[in-house]
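# A closer look at the structure
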Amino acid sequence: MPIFSFGQDYLIKGNAAFKIGHYESAIKYFSKYENIKTDPDILERRGLAYFNINELTKSIWDFTQAKKLGNNTPSLYLKMAQIKQHQREFDQA
């Protein structure tokens, strides 16, 4: 019988919370996920959760880390540009 690791449990709970718009809970679970520092997709998702609760500095940090790990999705770049525009950093946007 397979046993879920705690990391996978946090990932499942984080994804479920994210899906229904409970972004603060999603952030809490994603942050406890043991592989988040090496998972560009979960970093992007946590960044989106931060974006949705207006924690823009934390959001841009997660997006930057996801990008460094090879995440090149158009939605990532769009959100990064929106944050920079909101912060009035138009050249970087």
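See the structure printed just above.
Residues numbered from 1 in each chain as written. Predicted model: local features only at pLDDT ≥ 70, side-chain atom pairs only at ≥ 80, totals over all residues. Heavy atoms only, no water.

This brings us to the overall build of the chain. On a plain count of helices and strands, the chain comes out with five helices and zero strands. Each helix (α) and strand (β) of the chain, taken in turn from the N terminus, gives the series α-α-α-α-α. Here the C-alpha radius of gyration of the chain, 14 Å, is about what a compact globule of 93 residues would show, namely 12 Å. When its C-alpha atoms are laid out on the principal axes, the chain stretches across 55 × 25 × 20 Å. For the chain, buried positions account for 33% of its 93 residues. The contacts in the chain between residues at least 6 apart in sequence include a share of 37% that link residues at least 24 apart. (Helix = DSSP H or I, 4+ residues; strand = E, 2+ residues; numbered from the N terminus. Rg over C-alpha atoms; globule rule 2.2 N^0.38 Å. Buried < 20%, exposed > 50% of the residue type's maximum accessible area, 1.4 Å probe, protein only. Contact = heavy atoms within 4.5 Å.)

Turning next to the packing of helix α4 (residues 56-68) against helix α5 (residues 74-86). With their axes 10 Å apart at the nearest point, α4 and α5 run at an angle of 145 degrees to one another. Handedness of the crossing formed by α4 with α5: left-handed. Across the interface between the two elements, L56, S59, I60, F63, T64, A66 and K67 from α4 touch L76, Y77, K79, M80, I83, K84 and H86 from α5. Of the residues in the contact of α4 with α5, the class split is eight nonpolar, three polar and three charged. (Axes fitted to C-alpha atoms, helices over the stretch in contact; angles between N-to-C directions. Left-handed = near helix turned anticlockwise from the far one by under 90°. Nonpolar A, V, L, I, M, F, W, Y, C, P; charged D, E, K, R; others polar.)

Attention now moves to the pattern of salt bridges. Counted according to the given criterion, the structure contains three salt bridges. For the salt bridge of D9 with K13, the shortest nitrogen-to-oxygen distance reads 3.4 Å. Here D9 and its partner K13 are both found in helix α1 (residues 6-19), four residues apart, which amounts to about one turn of the helix. Residue classification places D9 among the partly exposed residues on the basis of a relative accessible area of 27%. With relative accessibility at 37%, the residue K13 sits in the partly exposed group. (Salt bridge = Lys/Arg side-chain N within 4 Å of Asp/Glu carboxyl O.)

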